[in-house]
Each structure stands twice: as C-alpha cells, then as structure tokens.
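Below, each chain spelled out in residue letters.
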Amino acid sequence: MGRVTQRRKVHKYVLDGSPKALEFPVRYREDVLAVEEPLEIRLGSLSYSVTMRTPGDDFDLVAGFLVSEGVIWTPDQLVSLRFCAGEDENGVQTFNVVEAQLRPDVLLPETGRNVYTSSSCGICGTDSIEAVRKSSHHSPAADPLTLDAHVLASLPALLRKSQRLFDDTGGVHAAGLFRVEDDGGVQLMCLREDVGRHNAVDKVVGWALREGLLPLRGTVLQVSGRASFELVQKAAQAGIPVLAAVSAPSSLAVELAEASGLTLAGFSRGTSLNVYAGAARIISPVAASAPA
C-alpha cells in the first residue's frame, strides 16, 4: 500500500488486572498507522489550497475538491493533472503537490483560498448555504430515486466489509458510493478511505467526475462518521440524492440538505436510522408491507 501506512513501535499498557498483566503491565509491539501528509493543490501556477490527507488517489481527491468548490462540474473542464516536483530532506519525490490544468474558458478564482485545510475540516470558508446553492450545477432535488429503509440501513455493514485500510489501522474514515438497482438492491461503485472524512468524499466524487458519471443520479453516499455541512455540500454538488452517515448530522448540514433537495440520514446502524431531510425518498417498512 506504499505510503498509505506506516509502522511504529509502541508501548502497550495492559490494565485489565489479569495475572499476565500484573506480571507484564507494559508490552512492546509494532502498530500500523494511517499516513497523514499535506497535499498542495495548484491551478496552473496558482497555489489554491493545502489539505492534510492520506496519500493515494490524489488525482481523484483534487478533481473532487474542484467539483466541491464549484470550479468545475464536467470532465472536459479538467484538461490534465500531474504531480509537480517536490522532494523531502533526503531528495526523495514526495508526490505532495498536484497541478491541475483547466480548460481555458473555466473561470479561475481571483486568488487561492489561502486556507489550510486540516484532515478534520472540509470547506470551512464557505460563507452561507446560499453561496453553495449558487455554485451548484448538479442539483439532486429532481432525482426521483426511492429507497427501502432496510436497504439504506444495511449500507454501513456493506461499507465496513470493504474498509481494508481501517482494518489495518483503525484510523481512517470511509465514503462509499452505492448505485440503487432497478430491483431495489444496491451495488458498491466506489469506496475511498482517508484520515479526513471530507477527503474520502472528494476522492469518490473525483473518481466519478473522471469516469464521466456526474451527476450521480440514483446513488447513495454512505459515510463512516458524522454528516457535516461540507459533506452535504459535496454530495449536493455531485448530484447525489441520498447521504447517509453512521453518526449525527449538524444543524447546518440538515438546513443545507433541505435547501438542496437532498435526503439526509444519520445514526444509520443496521436496525435503525434517523432521516433528517428528504424523507419522501425513503420507503418505510410499514408502507412496504401494507396490502395493496
């Protein structure tokens, strides 16, 4: 997996009171960590943003980030992506700078965002819901998708089965894009993991852009953590009609979901879930079993 993981020696303290723990309370072992490194995003020669991420799928990350920012929304607007020269103290290429060349008619931001984006925070500089709505080119509001509540509640378990990096480290978020089939079932289209939950979503959206799949009609985005404002924004910008999270949404995330026509579910735990916006898309168990 290359630079995605790193091994470190640790001191493990065992405090369960067992005879072995009392005899050997401190043990020495090797642990596997998820790598976190900065990625500078450039638009041509313009330094646009720096984000902390887990290396891997960096071109997808940059493409998805530009969709989330409203800079691009079709694959032909993105002419090329390349790694720029960048070396560490040992002269080794770091692959931590990506330059995106955009089509000449794409309007570039007047200046870079000049915002350091941590692995726990996404589009923190967005001013308002209205600003997001103005920059959206793939609204999910008109998507006719309906989804059985049982199917939606089953997605966290399906996501977890494919989280290989989490199995190794226990330290990354995941985002999985599911296609809802005609028979009501789902198919996992793309899964990405990263130390930043917003990066994982950007990697999924960027993959979809580069595959020519935007807008993502008839899909569900399942995330492993909470549903924040920036995750709802990214889903809405990609035209994803349903976003489900294992944990809670924020108040602003719910407001944006309502304004965007997006269905937002939280606390999706297999046997229950809460729908905070767009409940009309969800087929309830009672309705599904009622006689015609």
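Counting restarts for each chain: residues are numbered from 1 in the order of the written sequence. For this predicted model, a pLDDT threshold of at least 70 governs which residues receive local features, and a threshold of 80 or more governs which side-chain atom pairs are given and counted, while totals over whole chains, interfaces and linings are taken from all residues. Only heavy atoms go into the side-chain values, all of them from the structure, while hydrogens and water stay out.

1. With respect to the overall build of the chain
Here's step 1: Numbering of helices and strands runs from the N terminus, with a helix taken as a DSSP run of H or I at least four residues long and a strand as a DSSP run of E at least two residues long. On a plain count of helices and strands, the chain comes out with 9 helices and 15 strands.
Here's step 2: Only protein chains enter the area calculation, which uses a 1.4 Å probe; residues under 20% of their type maximum are buried, those over 50% are exposed, and those in between are partly exposed. Going through the 292 residues of the chain one by one, you find that 48% of them count as buried.
Here's step 3: Only heavy atoms matter for contacts: two residues are in contact if any of them lie within 4.5 Å across the pair. If you take every contact in the chain between residues at least 6 apart in sequence, the share linking residues at least 24 apart comes to 58%.
Here's step 4: Accessible surface, the chain as shown: approximately 14100 Å² in total, 52% of it carbon and sulfur. In short, Shrake-Rupley with a 1.4 Å probe defines the accessible areas, and a residue's cover is counted only from the protein chains shown.

2. Some words on the pattern of salt bridges
Here's step 1: Put simply, a salt bridge is a Lys or Arg side-chain nitrogen that is within 4 Å of an Asp or Glu carboxyl oxygen. As enumerated under the stated definition, the model contains 14 salt bridges in all.
Here's step 2: The partner of Asp-58 in a salt bridge is Arg-53, with the nearest N and O atoms 2.8 Å apart. Residues Asp-58 and Arg-53 agree in their burial class; the two are buried.
Here's step 3: In this structure, Lys-234 and Asp-202 form a salt bridge, with 3.0 Å as the shortest nitrogen-oxygen distance. You can see Lys-234 sitting in helix α7 (residues 229–237) and its partner Asp-202 sitting in helix α6 (residues 197–210), a full 32 residues away along the chain. Asp-202 matches Lys-234 in its accessibility class, with the two residues each being buried.
Here's step 4: Among the charged side chains, a network of salt bridges with common partners joins Asp-57, Asp-60, Arg-192 and Arg-210.

3. Description of unusual backbone geometry
Here's step 1: Note that the residue after Leu-214, namely Pro-215, is joined by a cis bond; omega there is -5°.
Here's step 2: Relative to the helices and strands, Pro-215 resides in the loop between α6 and β11 (219–223).
Here's step 3: Positive phi, close to 50°, is recorded for Phe-267, a residue that is not glycine.
Here's step 4: Considering the arrangement of structural elements, one finds Phe-267 in the loop between β13 (263–266) and β14 (274–277).
Here's step 5: Given a relative accessible area of 31%, Phe-267 falls into the partly exposed group.

4. Thoughts on the confidence of the model for the chain
Here's step 1: On a scale of 0 to 100, pLDDT captures the predictor's confidence in every residue. When pLDDT is averaged across the chain, the result is 88; 85% of the residues are at 70 or more.
Here's step 2: Taken together, the stretch residues 121–126 has pLDDT below 50 and engages in 17 contacts with residues farther than four places along the chain or on a different chain.

5. Some words on the side chain of Gln-163
Here's step 1: Its location among the elements puts Gln-163 in the loop between α4 (149–161) and α5 (164–169).
Here's step 2: The residues contacting Gln-163, other than those within four sequence positions of it, are Ala-174 and Glu-193.

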